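# Examining the three-dimensional arrangement
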Amino acid sequence: MEFDIISQAKTPILEALWQCATRINHAPFYTPGHKRGEGITQQLVNYFGKAIFSADLPELPELDNLFAPQGIIQEAQELAAVAFGAEKTWFLVNGSTCGVEAAILATCGVGDKIILPRNVHNSAIAGLILSGAVPIFIAPAYDPVLDIAHSITPEAVAAALAAHPDAKAVLMVYPTYYGVCGDLNAIAAVVHQHNIPLLVDEAHGSHFAFHSELPTPALAAGADLSVQSTHKVLGALTQASMLHVSGNRIDRDRLNKSLQLLQSTSPSYLLLASLDAARQQMALYGEELMTKALRLADEARNRISQIPNLSVLQLPAKNSGFVALDETRLTVTVSGLGIAGFEADEILHQELGVTAELPSLQHLTFIISLGNTVADIERLVEGFAVLGERSTQVSQKSKVKSQNQLQIPNSVSRRRSEALFRIPNSLLTPREAFFAPTETLPFHQTRDRISAELICPYPPGIPILMPGEIITSEALEYLQQIQVSDGYITGCTEPSLTQLKVVKK
């Protein structure tokens, strides 16, 4: 993408913030209480230096207003819109979470239907609770061999819209945590036939606009709104994100008001400045930086795939839920070593100095970004080489036993498919269930009751129970199997899964 280099070289928020932070002969009688670092505890100064705290400033006249920008924030957001291919961009200081919630609030009200996948982020469920919208869930395409959920398909979206022509919006995840991209172009075409907006949780795709070897950015593929976590793979500080809009299907005034409800009224200018600087970095050097990251990822992928009993996630020959792969996202299947992904992750992290982004039952997923180095890749490959060597030292008997422990009986596999793809009946909306009186019951006494919790097992990251849905025996059996297999289960009040919270009768 070609940019006006002179304009994109500017960093209006960063420059203004630095000028305010370094000015002298100034008496601050405004928040925060540490007064430009003068009152900060010495331990923080010893660890991080004083300069960072002198830049921790509120909305001074020179620093504009995030909710009604007319100066440097407006300029920085306009520059970001150009760089990321949007018509309008909002900076987010409450993470992509508030962006997804605002997208739903801007398009749906109480009782309105929204079509979305079962493997949405928790922020989408929060958006349903806040808005009162009624979810129409679609099961994503699923690889039962790898135990990985991919994207929703155009066919599934078309069927959902045919069954619910009164839906107000469609939301999809692009890419998934594994870097998998569905056929967004085709989905956008289907959605726009109904003249409703396509909302995209593009939290892990903020780098797509800056290299031709990466998947097509969501807006360029036809999305009306995209939420990106600029901090996840680019150079912004943690929690700094952006929301981008194109076209006229989104009410921008309502979106702006929704963001005002969800964002802090005391935004961190360090976060805003980091968004400004990250945009400038990518506009000026994005292709170069992404080329480096892609080559590092290629090196890691090629070398790890040559280690016996390891494999890496690749783009399949044909799968409408998997049409592109972000090659900077590396997913390694470790079950061939006779150990679970959680065990491999623990060894790599604690003993070998390598930390994955996401461990699961069979896999480890790594983010390779502009901040990684050749030394990082060497350590990563060496770590897997050590794991491979250890696996060959295990006796064949022990190895077979360990592998058998990872295998799931056919009956459980069938229950898993049923649990994943049979969308449970809903008696209440997520909002109704959230505000309803609840009670906590023993796990085995909750069948046929209404769930008051959002329970999501990893793998594969698809919520099994949503607030307002009927708890099925298949779901309970599947959750038990995940727990026995040392998987992660999030959202339940009782981590041991001995009890579940349900809506009172």
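If you're wondering where the values come from, they're calculated on a predicted model, not measured in any experiment.

Right, let's get into the overall build of the chain. Along the chain, the regular secondary structure elements total 18 helices and 19 strands. The C-alpha extent of the chain, read off along each of the three principal axes, is 75 × 55 × 45 Å. Classification of the 505 residues of the chain by burial places 55% in the buried group. Long-range contacts, defined here as pairs at least 24 residues apart, represent 71% of the contacts in the chain between residues at least 6 apart. As displayed, the chain has an accessible area near 21,600 Å², and 51% of this comes from carbon and sulfur atoms. Within the chain, the 50 negative side-chain charges are centred at a point lying 6 Å from the centre of the 36 positive side-chain charges.

Bringing the sheet that holds strand β13 (residues 329–333) into the picture now. Ordered by their spatial adjacency, 4 strands build an open sheet running β11-β13-β15-β14, and the pairing between neighbours is antiparallel. Since the sheet does not close on itself, it has two edges, and those belong to β11 (311–312) and β14 (358–359), each with one partner. Pairing of β11 with β13, which is carried by 2 bridges, proceeds in the antiparallel orientation. Bridging from a neighbouring strand, Ser-311 pairs with Thr-333 of β13.

This part is about the side chain of Thr-153. Looking at where Thr-153 falls in the secondary structure, it is placed in the loop between β5 (148–149) and α8 (154–163). Excluding anything up to four places from it in sequence, Thr-153 contacts Ala-141, Ile-187, Ser-320 and Gly-321.

A few words on the pairing of β13. For β13, the tally of buried residues reaches 5 of 5 residues, placing the bulk of the element in the interior. Along β13, one buried face is formed by Arg-329, Thr-331 and Thr-333 and the opposite face, lined by Leu-330 and Val-332, is buried too. Where β13 and strand β15 (residues 363–367) come together, 5 bridges link them in antiparallel fashion. Paired with Leu-330 across the two strands is Phe-366, which belongs to β15.

Following the sequence through the fold, Arg-279 ends up in helix α12 (residues 269–305). A relative accessible area of 0% means that Arg-279 is categorised as buried. Apart from residues no more than four positions distant in its own chain, Arg-279 is found in contact with Gln-8, Lys-10, Thr-11, Pro-12, Leu-79, Ala-80, Ala-83, Phe-84 and Met-242. In this structure the side chain of Arg-279 is engaged in a polar contact, spanning 2.5 Å, whose partner is the backbone oxygen of Lys-10. There is a polar contact of 2.9 Å between the side chain of Arg-279 and the side chain of Asp-276.

Looking at the secondary structure, you find Arg-254 in helix α11 (residues 252–262). Of the residues examined, Arg-254 reaches a relative accessible area of 34% and is grouped as partly exposed. Between the C-alpha atom of Arg-254 and that of His-26, which follows or precedes it by 228 residues, the distance is 39 Å. With residues near it in sequence (within four places) discarded, Arg-254 still touches Leu-105, Ala-106, Thr-107, Cys-108 and Gly-109.

As a further point, take a nonpolar patch on the surface. Side chains of Tyr-47, Phe-48 and Ile-52 sit close together on the surface and give an oily, nonpolar patch of about 360 Å² of accessible area. Residue classification places Phe-48 among the exposed residues on the basis of a relative accessible area of 57%.

Glancing now at the state of the cysteines. The full count for this structure, using the stated rule, is 0 disulfides. Unpaired in this structure, Cys-181 has its nearest cysteine sulfur neighbour in Cys-456, at a distance of 20 Å.

By volume, the second largest pocket amounts to about 330 Å³. As for the second largest pocket, its lining consists of 16 residues, and the residues nearest its centre are Thr-355, Phe-366, Ile-367, Ile-368 and Asn-372. Secondary-structure elements contributing two or more residues to the lining of the second largest pocket are β15 and α14 (374–393). For the lining of the second largest pocket, the leading source of residues is α14, giving 4 residues. Of the residues belonging to the lining of the second largest pocket, the class tally is 7 nonpolar, 5 polar and 4 charged.

Between helix α2 (residues 12–22) and α12, whose axes approach to 7 Å, the crossing angle comes to 135°. Looking at the two axes, α2 sits oblique to α12. Contacts from Pro-12, Ile-13, Leu-14 and Leu-17 of α2 reach α12 at Tyr-269, Leu-270, Leu-272, Ala-273, Asp-276, Ala-277 and Arg-279. Residue composition of the contact of α2 with α12, by class: 9 nonpolar, no polar and 2 charged.

Thresholds, definitions, all that
Residues numbered from 1 in each chain as written. Predicted model: local features only at pLDDT ≥ 70, side-chain atom pairs only at ≥ 80, totals over all residues. Heavy atoms only, no water. Helix = DSSP H or I, 4+ residues; strand = E, 2+ residues; numbered from the N terminus. Buried < 20%, exposed > 50% of the residue type's maximum accessible area, 1.4 Å probe, protein only. Contact = heavy atoms within 4.5 Å. Areas by Shrake-Rupley, 256 points an atom, 1.4 Å probe, with all protein chains shown as cover. Lys, Arg positive; Asp, Glu negative; His and termini not counted. Charge placed at Lys NZ, Arg CZ, Asp CG, Glu CD. Pairing = 2+ DSSP bridges. Polar contact = N/O pair within 3.5 Å; in protein donor to acceptor, adjacent residues only side chain to side chain. Patch = residues over 30% accessible without salt bridge, like charges linked within 9 Å, V, L, I, M, F, W, Y side chains within 5 Å. Salt bridge = Lys/Arg side-chain N within 4 Å of Asp/Glu carboxyl O. Disulfide = S-S within 2.5 Å. 1 Å grid on protein atoms, 1.4 Å probe; cavity = no way out; pocket = protein on both sides within 12 Å on 5 of 7 lines; lining within 4 Å. Points joined across faces, edges and corners; volume = space filled by probe spheres on them. Nonpolar A, V, L, I, M, F, W, Y, C, P; charged D, E, K, R; others polar. Axes fitted to C-alpha atoms, helices over the stretch in contact; angles between N-to-C directions. Parallel < 35°, antiparallel > 145°, perpendicular 65-115°, else oblique.

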